[in-house]
Amino acid sequence: MFLTMLLTACEADKVYDTFQHVDNNGWEKNDGLTFAIPRLTDSGRYDLSLRLRLGSDYPFQNLHIAVTQTVYPSGKTATDIVKADITDKQGKMKGNGVTLYQYSIPFRTMDCNAGDSVTVKVRHDMKREILPGIMDVGVAMYRR
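The model shown is predicted, which means the values in this text are computed figures rather than measured ones.

A. Focus on the environment of Ala 78. Secondary-structure assignment places Ala 78 in strand 6 (residues 76–85). Discounting chain neighbours no more than four positions away, the residues touching Ala 78 are Val 67, Thr 68, Gln 69 and Arg 108.

This is the structure we're talking about:
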C-alpha cells in the first residue's frame, strides 16, 4: 500500500509527459522535435527530463542530444547538451525493456511562474547525420 501511495504521489506532480515518433528510416540531425508545454497553473520549481525509446539496433554506446528550453512570456532561453549512456561497456542496453528500451534522463531544474509556458526543442548532436534505432523522443516535466 505504501508503494502505491508513493507512485501515485509522484505521478500527481507530473505536469507534462509526451513522446513524438521518429521517422522509421532514422532520426535526421536537422529534424528537430518541438514540445509545447502549456501554461503552468502554479509557480515553483520544475524538473525537466528527456525521455527516449530505442530499439536494440541502436549502433552506439551513447547519445548526445541538444535541448533548448524557452520560457514564455519572458523569452528566457537555455540550451543543454544531454549525454545519455545507452549501453554498458559490453554493449548491453541499460534502459528498461526487452526489445524496446526506455530511458528517462533528468537534465534541468527551472523556476517558473504561474502562467508561464515552456517550449522545448530537441535534436540529436551526434556526428552521424541519420541515427537508426531511435523510435520515440519525449519530454517530461514534474513539479517539485
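B. Broad picture of the pattern of salt bridges. In total, this model carries 8 salt bridges according to the counting rule given. With a shortest N-O distance of 3.2 Å, Asp 17 and Arg 51 are connected by a salt bridge. Of this pair, Asp 17 sits in strand 1 (residues 14–21) while Arg 51 sits in strand 4 (residues 44–55); the two residues are 34 residues apart in sequence, bridging distant segments of the chain. A relative accessible area of 11% means that Arg 51 is categorised as buried.

C. Highlighting the side chain of Asp 80. Tracing the backbone through its elements, the reader meets Asp 80 in strand 6. The class for Asp 80 is buried, based on a relative accessible area of 15%. A polar atom in the side chain of Asp 80 sits 3.1 Å from the side chain of Gln 69. A polar atom in the side chain of Asp 80 sits 2.8 Å from the side chain of Arg 108.

D. The arrangement of the packing of aromatic side chains in detail. Under the criterion given, the structure shown has 1 aromatic pair. Each ring, one from Tyr 58 and one from Phe 60, has its centre 5.8 Å from the other, and the planes form 75 degrees; the classification is edge-to-face. Given a relative accessible area of 28%, Phe 60 falls into the partly exposed group. Looking at Arg 53, its charged tip hangs above the ring of Phe 19, at a distance of 3.5 Å from the centre.

E. Broad picture of the sheet that holds strand 1. Read across the sheet, 5 strands follow the order 1-11-4-8-7 without closing on themselves; strand pairing throughout is antiparallel. Of all strands in the sheet, those bounded by a partner on one side alone are strand 1 and strand 7 (96–97). One ladder, built from 12 bridges, connects strand 4 with strand 8 (residues 100–112); its direction is antiparallel. The partner of Gly 44 across the bridge, within strand 8, is Cys 112.

F. Looking closely at the sheet that holds strand 9 (residues 117–124). Pairing is antiparallel in the open sheet, where 4 strands are placed in the order 3-9-5-6. In the strand order of this sheet, the two ends are held by strand 3 (33–37) and strand 6, each with one partner. Taken pair by pair, the neighbouring strands of this sheet meet at an average axis angle of 20 degrees, ignoring direction. In this sheet, strand 9 lies alongside strand 3 in antiparallel orientation, the contact comprising 5 bridges.

Thresholds, definitions, all that
- Residues numbered from 1 in each chain as written.
- Predicted model: local features only at pLDDT ≥ 70, side-chain atom pairs only at ≥ 80, totals over all residues.
- Heavy atoms only, no water.
- Helix = DSSP H or I, 4+ residues; strand = E, 2+ residues; numbered from the N terminus.
- Contact = heavy atoms within 4.5 Å.
- Salt bridge = Lys/Arg side-chain N within 4 Å of Asp/Glu carboxyl O.
- Buried < 20%, exposed > 50% of the residue type's maximum accessible area, 1.4 Å probe, protein only.
- Polar contact = N/O pair within 3.5 Å; in protein donor to acceptor, adjacent residues only side chain to side chain.
- Phe/Tyr/Trp six-rings, centres within 6.5 Å; stacked < 30°, edge-to-face > 60°.
- Lys NZ or Arg CZ within 6 Å of the ring centre and 35° of its normal.
- Pairing = 2+ DSSP bridges.
- Axes fitted to C-alpha atoms, helices over the stretch in contact; angles between N-to-C directions.

Distances and angles like these do not, on their own, reveal function.
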